[in-house]
Amino acid sequence: MRYIAPKDAAELDATETREWLDSLDYVLQSGGPAKVARLLRELTIHARQNGVKLPFTANTPYINTISAEEQVLMPGSPDLERRIKSLVRWNAAAMVVRANKAEEGIGGHISTFASAATLYEVGFNHFFRGHEDGDGDVIFFQGHAAPGIYARAYLEGRIDETHLGNFRRELQPGGGLSSYPHPWLMPEFWEYPTVSMGLGPIMAIYQARFMRYLEDRGLKPPSQSKVWAFLGDGETDEPEALGAITLPAREKLDNLVFVINCNLQRLDGPVRGNGQIIQELEAAFRGAGWNVIKVIWGREWDPLLAKDRDGLLVKRMGEIVDGQYQKYAVSDGAYVREHFWGADPRLLDMVKHLSDDQLKKMTLGGHDPIKVYNGYKAATEHKGAPTVILARTIKGYGLGEAGEGKNITHQQKKMNEEELRAFRTRFGIPISDAEVGKTPFYRPAEDSVEVKYMRDRRKALGGYVPMRKVRSEPLKSVPSEPFEEFRKGTDGRKASTTMVFVRLLSKLLRDKELGRLVVPIVPDEARTFGMESLFRSVGIYSHAGQMYEPVDMDTLLYYKEASDGQIIEEGITEAGSMSSFVAAGTAYATHGVNTIPFFIYYSMFGFQRIGDLIWAAGDARAKGFLLGGTSGRTTLAGEGLQHQDGNSQLFALAYPNCVSYDPAFAYEIAIIIQDGVRRMYVDQESIFYYLTVMNEQYAMPEMPSGAQEGILKGMYRFRAASRPDAPQRAQLFGSGAILPEVIKAQEILESKYNVSADVWSVTSYTELYREGHACERWNMLHPRETPRLPYVTRCLKDATGVLIAASDYVKAMPDAIDRWLPRPLTSLGTDGYGRSEARAALRDFFEVDYRYIIVATLAALARDGKLEASVVDQAIKAHNINAEKANPAVS
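Residues numbered from 1 in each chain as written. Predicted model: local features only at pLDDT ≥ 70, side-chain atom pairs only at ≥ 80, totals over all residues. Heavy atoms only, no water.

(A) Quick look at the overall build of the protein. Helix and strand content of the protein: 35 helices and 20 strands. In terms of overall dimensions, the protein has C-alpha extents of about 120 × 75 × 55 Å along its principal axes. Residues classed as buried in the protein amount to 58% of the 891 residues present. Partitioning the intrachain contacts of the protein with sequence separation of at least 6 by distance along the chain shows that 77% fall at a separation of at least 24. As displayed, the protein has an accessible area near 37,300 Å², and 52% of this comes from carbon and sulfur atoms. (Helix = DSSP H or I, 4+ residues; strand = E, 2+ residues; numbered from the N terminus. Buried < 20%, exposed > 50% of the residue type's maximum accessible area, 1.4 Å probe, protein only. Contact = heavy atoms within 4.5 Å. Areas by Shrake-Rupley, 256 points an atom, 1.4 Å probe, with all protein chains shown as cover.)

In structure tokens, the structure reads:
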């Protein structure tokens, strides 16, 4: 055969490329993928060594990760599963449409589940493991897909038509369904709340790690359970969604699977109109060390890709931006032929045998059950790393003109009769034209093949999901020994409440009954809180153990990591630490283990920074203790505006099942924590605790007789006036680190101003506030009964004199109980931004030290006509108070 020289450089380039590709095909056929990978790696190294600058990419081509040749057949009955999926689709849509036929509407979302139905149904039929036979999977369902999860539960017979009819109407007779996953509202159904977008992914990551923690510490046997997190591509813009993805990679959490529904749309428009979100996410996850599986194209694309010898189709797929892909989704086949395939005559030639209608109906990977099944199978079998599945779908798939693929789709809640009829016909729902406008629910007979199939599949997989069931036994009692020493005080020795807590924690860790259940959690501040002694005694958890010699190995308190370590040291991430708290605090239900988390952190970075995750913990019925360390606006000296906390107790008040305290003394902390363990783990109350602890050291007194009830209810008389019959009387309320200032003020008031005062320790304005309102509510609803008196009213019914309150928190805290007091309350607090200063200067600035307590008491007495105003003036001068200084609340 005569050799013909190439006509030009372009033809030469094409010839060389073809020769290289043919050579690579030969290596692939003779040596397999592993040999190809090694050869390409060697070629890359050789090119770099010879000065070739190769651009970095973490991306693979815009095609399925699992090729048609690699995929396996899906077990079961695909036709029957499609039928079931269609019924789920109809009931989900009918539920939302019916809920919004009322004039005011009630909200709801159709489009998210419509795009994700195949992703869920393949999981329900083949992968999601229930808890009936032991440990099952933990699934974080995408919140907006809740209608589809309810619709399936209806077909399974777990909820009835009344529930569906009362979607988003939970207070109706017969019961209703919450808008989204909320364990607080449906405690036997949902496990975790997810609809505050971004929280599901980060909670899933730390849940997967906590499962390893339980296994490594011997608290539960190793299992094959998986953690699944379903989320949307738009949701990944939330910092929490991707902010922790390096952790499961470095921890090798192959028990974690993310499924990202890439329908390319968020609430208002495209996720990345001018880019490709799938490629962006692939780069992020591959860069973090995840196994990435792309499920982009359905089976109809396989023959075309097989013919794509020159890579033209793959190249075309990779150059289209998402905004244009969205346009293709809503356009007819002629438009797709012209604008996608028409970019190159050779591409047009590839599809000349297909009609416009066939082009339009070519499915995407996330709607193809076989593609999804193979993606899930590869994910669950992968070892050594977490997996993310990037599944391409169309938002509102199946809604047709009602909203398929449109920018308005997320808000779609209603469908007219014509749209309902088209939807019914498309999915083959046996409802007549006469009935379709009423959007009836449809469930096959109890003995139908569909219902039997669903139940058989779930039985084979270990039971229904989602399902929440408390699988742990309550603790029988709380041992008293770890708490006893704190009732006696410190015998004059100074200590901070933080030091007291750490001492108590160390005793709990050594306790033979509770010790193994205690889970200390700290975000890289253990040394700040004086917890380094625990490093050696119980160790810092690391699945890999300690593969290095720590730099402080020759010290007593060296940094000790261990595979069975007990401390969860998260690094600088309150969000990650709180996610671990959620996992540990719900383990009594999820894993059947009564772990007791103690999460201590800089108090300013708790409710203020991660309030959404704390709210989710409450919703999830998490138990445990949050400890706001270095708390108090004036107690944390030097750190300044961003660190000094005078707010967190106020924020905590808004969390319905958070029991919050601001203790001043060692015995208060011991009583509160001992009772908290009892309430949560013996009595099984769905509550969690927040305690603020400080770094100021002072002598801890012995517990007064009979104080326990008041400590827990919120206040008790710590020290009575030495002269109760004095003509001038006052009642002084103190909390936390400001209580010693109140005690000092009491002494000076009596010795210098002839004012006799009682000192009250107010451990919880929140508890007093809640109990007061509970009494008022009962009285309102029971007008013929003897009125109930709030606890704070009963405490002060015989107390005479003016009322003064001082705390290291905003004045709104004491003001919250003013209505139940016998006389008006004067509140001193730390409203305003903090300052970098010494403690004494800060208390002068915020007007909460003993001097201001004295002046406030005298001023209140003067207002009541008990003293001359001149006495107040003299006190202001005597205590060097600048009466004209700026108001700290606004300066």
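(B) Looking closely at the sheet that holds strand 13 (residues 658–661). Ordered by their spatial adjacency, six strands build an open sheet running 10-7-11-12-14-13, and the pairing between neighbours is parallel. Edge strands, defined here as strands with exactly one partner in the open sheet, are strand 10 (568–569) and strand 13. Relative to strand 10, strand 7 (residues 518–522) runs parallel, the two sharing two bridges. Considered in strand 10, the bridge of Val522 is made with Glu569. (Pairing = 2+ DSSP bridges.)

(C) Quick look at the environment of Ala622. With respect to the helices and strands, the residue Ala622 is situated in the loop between helix 25 (607–619) and strand 12 (625–629). The spacing of Ala622 and Gln649 is 27 residues in sequence and 19 Å in space, taken between C-alpha atoms.

(D) Structural view of the sheet that holds strand 4 (residues 291–295). Read from one edge of the open sheet, five strands run 1-2-3-5-4, paired in parallel fashion. Each edge of the sheet is formed by a strand with only one pairing partner; in this case those strands are strand 1 (138–140) and strand 4. Each strand axis lies, on average, 15° off the axis of its neighbour in the sheet, ignoring direction. The sheet contact formed by strand 4 and strand 5 (residues 387–392) spans five bridges and is parallel. Looking across to strand 5, one finds that Val295 is bridged to Ala391. (Axes fitted to C-alpha atoms, helices over the stretch in contact; angles between N-to-C directions.)

(E) Summary view of a nonpolar patch on the surface. Taken together, the side chains of Trp20, Leu39, Leu40 and Leu43 make up a nonpolar region of the molecular surface, amounting to roughly 380 Å² of accessible area. Mapped onto the elements of the fold, Trp20 is located in helix 1 (residues 9–49). (Patch = residues over 30% accessible without salt bridge, like charges linked within 9 Å, V, L, I, M, F, W, Y side chains within 5 Å. Salt bridge = Lys/Arg side-chain N within 4 Å of Asp/Glu carboxyl O.)

(F) Looking closely at the packing of helix 3 (residues 111–126) against helix 19 (residues 449–460). The N-to-C vectors of helix 3 and helix 19 enclose an angle of 65°; their axes lie 7 Å apart at closest approach. Relative to helix 19, the element helix 3 lies roughly perpendicular. Residue-level inspection shows Gly123, Phe124, Asn125 and His126 of helix 3 in contact with helix 19, the latter providing Tyr453, Arg457 and Arg458. Residues that form the contact of helix 3 with helix 19 fall into these classes: two nonpolar, three polar and two charged. (Parallel < 35°, antiparallel > 145°, perpendicular 65-115°, else oblique. Nonpolar A, V, L, I, M, F, W, Y, C, P; charged D, E, K, R; others polar.)

(G) Quick peek at the pairing of strand 7. Burial analysis of strand 7 places five of its five residues in the buried class, which makes it a mostly covered element. The alternating pattern of strand 7 places Val518, Pro520 and Val522 and Val519 and Ile521 on opposite faces, both of which are buried. Strand direction decides the pairing type here: strand 7 and strand 11 (residues 596–602), joined by four bridges, are parallel. Residue Pro520 lies in a different strand from strand 11, and its bridge partner there is Phe598.

(H) The side chain of Asp308, seen in detail. On the secondary structure map, Asp308 appears in the loop between helix 10 (302–306) and helix 11 (312–319). No salt bridge is formed by the buried Asp308. Its closest oppositely charged neighbour is Arg18, at 8.6 Å. If near-sequence neighbours (up to four positions away) are discounted, Asp308 is found in contact with Leu313, Val314 and Met350. (Lys, Arg positive; Asp, Glu negative; His and termini not counted.)

(I) Structural context of helix 27 (residues 666–682). With 17 residues, helix 27 ought to run about 24 Å at 1.5 Å a step, and its terminal C-alpha atoms sit 23 Å apart, in line with that. Burial runs high along helix 27: 15 of the 17 residues are buried. One or two steps after helix 27, the chain reaches Gln684, where phi turns positive at roughly 65°. (Expected span 1.5 Å × (residues − 1).)

(J) Representation of unusual backbone geometry within the structure. In this model, Val465 is joined to Pro466 through a cis peptide bond whose omega is -5°. You can see Pro466 is positioned in the loop between helix 19 and helix 20 (481–484). At Thr439, a position not held by glycine, the phi torsion is positive, near 45°. Here Thr439 shows up in the loop between helix 18 (433–436) and helix 19.

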